[in-house]
Amino acid sequence: MVADSGHSVLIVEDETLLALMLEDLLSDIGHHVMHADSLPDALALVECEHFDAAILDIDIRGKDVFPVAARLRELHTPFVFVSARHADRLSPEFSQEQLLAKPYTIAQVQQSLDRMLAD
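Report on the accompanying structure. (Residues numbered from 1 in each chain as written. Predicted model: local features only at pLDDT ≥ 70, side-chain atom pairs only at ≥ 80, totals over all residues. Heavy atoms only, no water.)

A large share of strand β3 (residues 53–57) lies buried, amounting to five of its five residues. Burial along β3 is two-sided: Ala53, Ile55 and Asp57 and Ala54 and Leu56, pointing in opposite directions, are all buried. The sheet contact formed by strand β1 (residues 8–12) and β3 spans four bridges and is parallel. Within β3, the residue paired with Val12 across the bridge is Leu56. Across four bridges, β3 lies against strand β6 (residues 79–83) in parallel orientation. Within β6, the residue paired with Leu56 across the bridge is Phe81. (Buried < 20%, exposed > 50% of the residue type's maximum accessible area, 1.4 Å probe, protein only. Helix = DSSP H or I, 4+ residues; strand = E, 2+ residues; numbered from the N terminus. Pairing = 2+ DSSP bridges.)

Our next topic: the sheet that holds β3. In spatial order, the strands read β2-β1-β3-β6-β7; together these five strands make up an open sheet with parallel pairing. In the strand order of this sheet, the two ends are held by β2 (32–36) and β7 (99–101), each with one partner. Across the sheet, the mean angle from the axis of one strand to that of its neighbour is 20°, orientation sign disregarded. Seen against the sheet, helix α4 (residues 106–118) touches β1, β3, β6 and β7 and runs at an angle of roughly 135° to β3. (Axes fitted to C-alpha atoms, helices over the stretch in contact; angles between N-to-C directions. Contact = heavy atoms within 4.5 Å.)

With 13 residues, α4 should cover 18 Å at 1.5 Å per step; its first-to-last C-alpha distance of 18 Å lies within 8% of that length. In this structure, the buried residues of α4 make contact with β1, α1 (16–28), β3, β6 and β7. (Expected span 1.5 Å × (residues − 1).)

Before going further, it helps to spend a moment on the packing of α1 against α4. Packing of α1 against α4 leaves a shortest axis separation of 12 Å and a crossing angle of 60°. As judged from the angle between their axes, α1 and α4 are oblique. By crossing handedness, the relation of α1 to α4 is classed as right-handed. From α1, Leu22, Leu25 and Leu26 reach across to α4, where they touch Ile106, Val109 and Leu113. (Parallel < 35°, antiparallel > 145°, perpendicular 65-115°, else oblique. Left-handed = near helix turned anticlockwise from the far one by under 90°.)

A separate point is unusual backbone geometry. In this structure, the amide linkage connecting Lys102 to the following residue, Pro103, adopts the cis form with an omega of 0°. Considering the arrangement of structural elements, one finds Pro103 in the loop between β7 and α4. Residue Arg61 is not a glycine yet carries a positive backbone phi of 50°. Note that Arg61 resides in the loop between β4 (59–60) and β5 (63–64). Here His76, not a glycine, exhibits a phi torsion of approximately 60°, which is positive. On the secondary structure map, His76 appears in the loop between α3 (66–74) and β6. Judged by its relative accessible area of 71%, His76 is exposed.

Following this line, the structure appears as C-alpha cells:
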C-alpha cells in the first residue's frame, strides 16, 4: 500500500541502524520522516514541528519515552510504541496504546501507520 504524500512521521529510536532502515522504508512509501535518538531531541522536534503520527521506542538510552508520548497526546498526535522487551513498563496512563514488539515487520508498521493516519 502506498502512503498518501504529505504525512509527517516522527521516529524516536536510539538504535541507529533500525532508525535508518525504518526512515528509508517510510520515505520510500511517501512519508516525510524525522528522527530523534534522544528524549531532549524528540521533545524539541515535537515543539517545533507538526507530525501526523509517531513511532516511539519505549527505552531511549535507558530512559522511558513517556514524556514524548504525553506531549504527543496533548497535541492529538497518534503514536505507537515499539519495544523488544519493555511491554511491562507501560504505565497505566499508556496501557491502552498500541505496542509493536521488536522485531516487527514493515507490514506491521505500515498497518499501524494506516490505522493512525485514517483517524
